[in-house]
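Understanding the architecture of this molecule
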Amino acid sequence: MAANMYRVGDYVYFENSSSNPYLVRRIEELNKTANGNVEAKVVCLFRRRDISSSLNSLADSNAREFEEESKQPTMTEQQRHQLKHRELFLSRQFESLPATHIRGKCSVTLLNETDILGQYLEKEDCFFYSLVFDPVQKTLLADQGEIRVGCKYQAEIPDRLAEGESDNRNQQKMEMKVWDPDNPLTDRQIDQFLVVARAVGTFARALDCSSSIRQPSLHMSAAAASRDITLFHAMDTLQRNGYDLAKAMSTLVPQGGPVLCRDEMEEWSASEAMLFEEALEKYGKDFNDIRQDFLPWKSLASIVQFYYMWKTTDRYIQQKRLKAAEADSKLKQVYIPTYTKPNPNQIISVGSKPGMNGAGFQKGLTCESCHTTQSAQWYAWGPPNMQCRLCASCWIYWKKYGGLKTPTQLEGAARSASEPHSRGHLSRPEAQSLSPYTTSASRAKLLAKNRQTFLLQTTRLTRLARRLCRDVLQPRRAARRPYAPINANAIKAECSIRLPKAAKAPLKIHPLARLPLAAIVKELAAQAPLKPKTPRGTKTPINRNQLSQSRGLAGLVGKRGYEGAGEGHRPPRVRMGASGLPFSANGRPLAAGLRTGPPPASKRQKLNPADAPNPVVFVATKDTRALRKALTHLELRRAARRPNLPLKVKPGLPLRSGGALAPSAPPHPASTSEPIVLED
């Protein structure tokens, strides 16, 4: 009964989603709505998963400083991981939630230097906070209510001076003496002087125009003159005049008129007092926020003095009575029964009704947190395509603390799937800047420094698992989405179950004799030697006869442009006639001005050297280019799909003396045979 009774000031769990962790809130008010339901006005507390990564790094640095200053005992990596789930961030954000969404109580305390962080892990439903999070400004600040305990907060008391020893301290920086209790005046004489000072203060207010408007009656003026500011002025006058009553009397009433001393209650106007009461209702005794948002023209000392004087007025007593009457009309506590409805993420067993949530999960899956295979109840967790699950104890830990017991990579994937701060909500430039495949020049230079050639070699068990667990792995879907993670633990567990059954019918695996990588590189380098670099600024002669030759098959070797990349906009396939001239799909020869090859080299996009995955670059020679022109389109595609096999050349092709193919048709005559010189 007491566990289900919730009162104002309790820290409780609220459930806003069946798959997300609980919300930690503090109850400020319990209000009954018009339809009879109970709503709770709560203060929001945020977890680490609710703030950005930059603020998380700031919280990490603050935690390291706290551990160094308080000399915390060493902890394991798992304990540090779980300790982050116990840290909360206080805020000044309020919200109203239905009281029926309460799922239990918890304890939240302010972190103190004398606390041991390991004690929070030993207690159930125990959290701590040390920083305040502003959801609007997105900032983390230290809490103003920090308890300053420790040696560095204590005052340093100097040694006592010996008798006759001189004081070498700077007396101007020391405090000034304002009253001497061993003065020659008696208590009766001091009281009489204070009465005279009050009378002078009342007379001064009667002469002041602004004071006569604020205190129109003699009774109000006498009450204002009896405040502490008048008494402090009178006692200070006695101290400055050496406790001589005659001199002090003449100081109270100088030649220009009586001295008027006013405190903060008289200096503030009625509108400023109303603003202060409104700010006090919103922020409480947080005078820094009151000054910043409501009274920026007042000093902090003035606001503090006005607060303590305002507490002695009738206005404060009236507001206190009104608040007490409102508190009596509001609910003090509410009873919420234990929530017993099944969770939609609960995985139903095999014998349950089909179509329920949880059906379709593969057997042999382990818990993503503790990796156990036995549990009384399982719960679906993470992205739906991953088919991950948690056991009963890890599910309760996830709901209460917002994380897994052990750090995993899938925890971040589940967080991004459940939070609205996903990459899908970013703009296109922002998403491209976050992508690791960005091809900007600056990023390519960074990648070129660390890029190395690597060979991914799979084991025999991995190749077997790909074929045995094809329904779980879905290789075609995984190939279309290479960025999506694959649950390797689930595939291994399913393969261990299916492997003994599949051992009766062994798979036919044809081993391939593969040459080492060094031999392949050496052979390719021998077949296609590197082209020497042309010195910058040299003149390159170009014959016009070469430019006027047909480029029929050169367009097939080149890459298709982006303009015709759609399914319905493919360019017509080009055929070759007996004379070597290109033909279109309808059998007619192409016009002389129609270009079937790739765009000229001047319009081609230059390749970035940083994009090359290997520093070795193979340049095609005249022989290889002539060989490409002689091959058919089908042979080119077959050679591109299997680059490791040797290419078979037809023996009937005529070759030049240098090994190149003879041209099938004579070149067209040009207007001149003189070479054209291009300046680089």
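Nothing here was measured: the structure is a model prediction, and the numbers come from that model. (Residues numbered from 1 in each chain as written. Predicted model: local features only at pLDDT ≥ 70, side-chain atom pairs only at ≥ 80, totals over all residues. Heavy atoms only, no water.)

**Concerning the overall build of the chain**
- Each helix and strand in the chain was counted, giving 26 helices and 16 strands.
- Across the 680 residues in the chain, those meeting the buried criterion constitute 27%.
- Summarising the internal contacts of the chain: among those between residues at least 6 apart in sequence, 63% fall at separations of at least 24.
- By element, 55% of the accessible surface of the chain is carried by carbon and sulfur atoms, the whole surface being about 48,200 Å². (Helix = DSSP H or I, 4+ residues; strand = E, 2+ residues; numbered from the N terminus. Buried < 20%, exposed > 50% of the residue type's maximum accessible area, 1.4 Å probe, protein only. Contact = heavy atoms within 4.5 Å. Areas by Shrake-Rupley, 256 points an atom, 1.4 Å probe, with all protein chains shown as cover.)

**Describing the packing of aromatic side chains**
- This model, assessed by the stated rule, comprises 19 aromatic pairs.
- For the ring pair Phe276 and Tyr307, a centre distance of 6.4 Å and an interplane angle of 55° mean the geometry is tilted. Note that Phe276 is positioned in helix 10 (residues 270-283) and Tyr307 in helix 12 (residues 300-310), a separation of 31 residues in sequence.
- Owing to a relative accessible area of 7%, Tyr307 belongs among the buried residues under this scheme.
- Looking at Lys41, its charged tip hangs above the ring of Phe94, at a distance of 5.1 Å from the centre.
- Note that Lys105 overlies the ring of Tyr6, its terminal NZ or CZ placed 5.6 Å from the centroid. (Phe/Tyr/Trp six-rings, centres within 6.5 Å; stacked < 30°, edge-to-face > 60°. Lys NZ or Arg CZ within 6 Å of the ring centre and 35° of its normal.)

**Details of the pattern of salt bridges**
- In total, this model carries 21 salt bridges according to the counting rule given.
- Close ionic contact of Glu87 with Arg48 constitutes a salt bridge, the shortest N to O distance being 3.1 Å. With Glu87 in strand 5 (residues 87-98) and Arg48 in the loop between strand 4 (38-46) and helix 1 (53-70), the pair connects residues that are 39 residues apart, well separated along the chain. Taken as a pair, Glu87 and Arg48 share a single burial class, namely buried.
- Members of the salt-bridge network, linked through shared partners, are Glu15, Arg103 and Lys399. (Salt bridge = Lys/Arg side-chain N within 4 Å of Asp/Glu carboxyl O.)

**As for the sheet that holds strand 11 (residues 378-381)**
- Spatially, three strands are ordered 10-11-12 in an open sheet, and the strand pairing comes out antiparallel. What marks the edges here is a single partner per strand, and that holds for strand 10 (346-347) and strand 12 (388-391).
- Pairing geometry for strand 11 and strand 12, over four bridges, is antiparallel. Within strand 12, the position partnered with Trp378 by the bridge is Cys391.
- Against the sheet, helix 14 (residues 392-401) engages strand 11 and strand 12, with an angle of about 100° to strand 12. (Pairing = 2+ DSSP bridges. Axes fitted to C-alpha atoms, helices over the stretch in contact; angles between N-to-C directions.)

These figures capture arrangement, not role.
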